[in-house]
Amino acid sequence: PPNSLLNVLGNANLSPQKTVIYEIGLQQQISDDFALDVTAYRKDIRNLLSTEVLQLFTGGFYSHYINRDYANIKGITISLEKRQNEGISGVGGSVDYTFQIAKGNASDPNDAFLNTQAGKETLKQMRPLDWDRRHQINATISFGKVNDYNISIIGKLATGFPYTSVYGSGAYIENNSRKPFTYNFDAYYYMN
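Residues numbered from 1 in each chain as written. Predicted model: local features only at pLDDT ≥ 70, side-chain atom pairs only at ≥ 80, totals over all residues. Heavy atoms only, no water.

*Asks:* Residues and numbers for the pairing of strand β3 (residues 34-55), please.
*Replies:* Bridge count between strand β2 (residues 18-29) and β3: 12 bridges; the pairing is antiparallel. Bridge pairing in β3 places leucine 26 opposite valine 38. The turn linking β2 back onto β3 is made up of four residues. For β3 and strand β4 (residues 61-82), the ladder comprises 20 bridges, and the chain directions are antiparallel. Within β4, the residue paired with leucine 36 across the bridge is leucine 80. (Pairing = 2+ DSSP bridges. Helix = DSSP H or I, 4+ residues; strand = E, 2+ residues; numbered from the N terminus.)

Written as structure tokens, this is what we have:
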């Protein structure tokens, strides 16, 4: 690796990041108490920041920011909601499921700079981004009497985020492994 790599310099000629979002959805009331919502989406993100390492005439190296990286996110969300009934023990709740794929050629704009310092080379290809979460389920169930008391249980189950496993030295593929499932449950209670 270059042993005289200087800090990352700014670049006044950067273009603004550009995000184009396409979305289509359907909202349907199934009955007096149930509603369904389905949304499909896609985001194209261009001009993401990256770094470029350059060599000086004196033999030293420096890095500066450039617009080079690209990402796209696509997914679908399906949601079912039940309105809480009026009554002594009204029950309500909702459940939604999201399937999403977030890919790009870099998650961190400083990748090239940091990898050069470490003597590694990142292969530029479309890989899962740091925030790529393939599956997520959120659910809420509530019991109670409106304007009197309410007990809610809120749960979330999701696949883990990707991370990079590096074996040996040299080139490696970013975000080549995935963390385990995560889950979280909360309870909420109020009384008037």
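*Asks:* Outline the packing of aromatic side chains, listing residues and values.
*Replies:* Under the defined criterion, the tally for this structure stands at two aromatic pairs. Ring geometry for tyrosine 183 versus phenylalanine 185: centroids 6.4 Å apart, planes at 50°, classification tilted. Assessed through its relative accessible area of 63%, tyrosine 183 is described here as exposed. Residue phenylalanine 185 is classed as exposed on the basis of its relative accessible area, which comes to 58%. With 6.2 Å between their ring centres and 50° between their planes, tyrosine 188 and tyrosine 190 make a pair best called tilted. Arginine 133 extends its terminal NZ or CZ atom over the ring of phenylalanine 161, reaching a point 4.0 Å from the ring centre. (Phe/Tyr/Trp six-rings, centres within 6.5 Å; stacked < 30°, edge-to-face > 60°. Buried < 20%, exposed > 50% of the residue type's maximum accessible area, 1.4 Å probe, protein only. Lys NZ or Arg CZ within 6 Å of the ring centre and 35° of its normal.)

*Asks:* Break down the nonpolar core for me, citing the residues and quoting the values.
*Replies:* Listed in full, the seven residues of the largest apolar core are Tyr41, Ile45, Leu48, Ala71, Ile73, Ala102 and Leu129. Among the elements of the structure, β3 and β4 are those that each provide at least two residues to this core. The element that contributes the greatest number of residues to this core is β3, accounting for three residues. Among residues more than four places away in sequence, those in contact with alanine 102 are Asn72, Ile73, Arg127, Pro128, Leu129, Trp131 and Asp132. (Core = buried A, V, L, I, M, F, W, Y, C linked by side-chain atoms within 4.5 Å. Contact = heavy atoms within 4.5 Å.)

*Asks:* Give me the lowdown on the pattern of salt bridges, citing residues and values where you can.
*Replies:* Evaluated as defined, the whole model comprises four salt bridges. One salt bridge connects arginine 134 with aspartate 132, and the closest N-O pair in it is separated by 2.9 Å. Residue classification places arginine 134 among the partly exposed residues on the basis of a relative accessible area of 21%. Taken together, the shared-partner salt bridges connect Asp132, Arg134 and Arg178 into one network. (Salt bridge = Lys/Arg side-chain N within 4 Å of Asp/Glu carboxyl O.)

Keep in mind that these numbers describe shape and distance, not what the molecule does.
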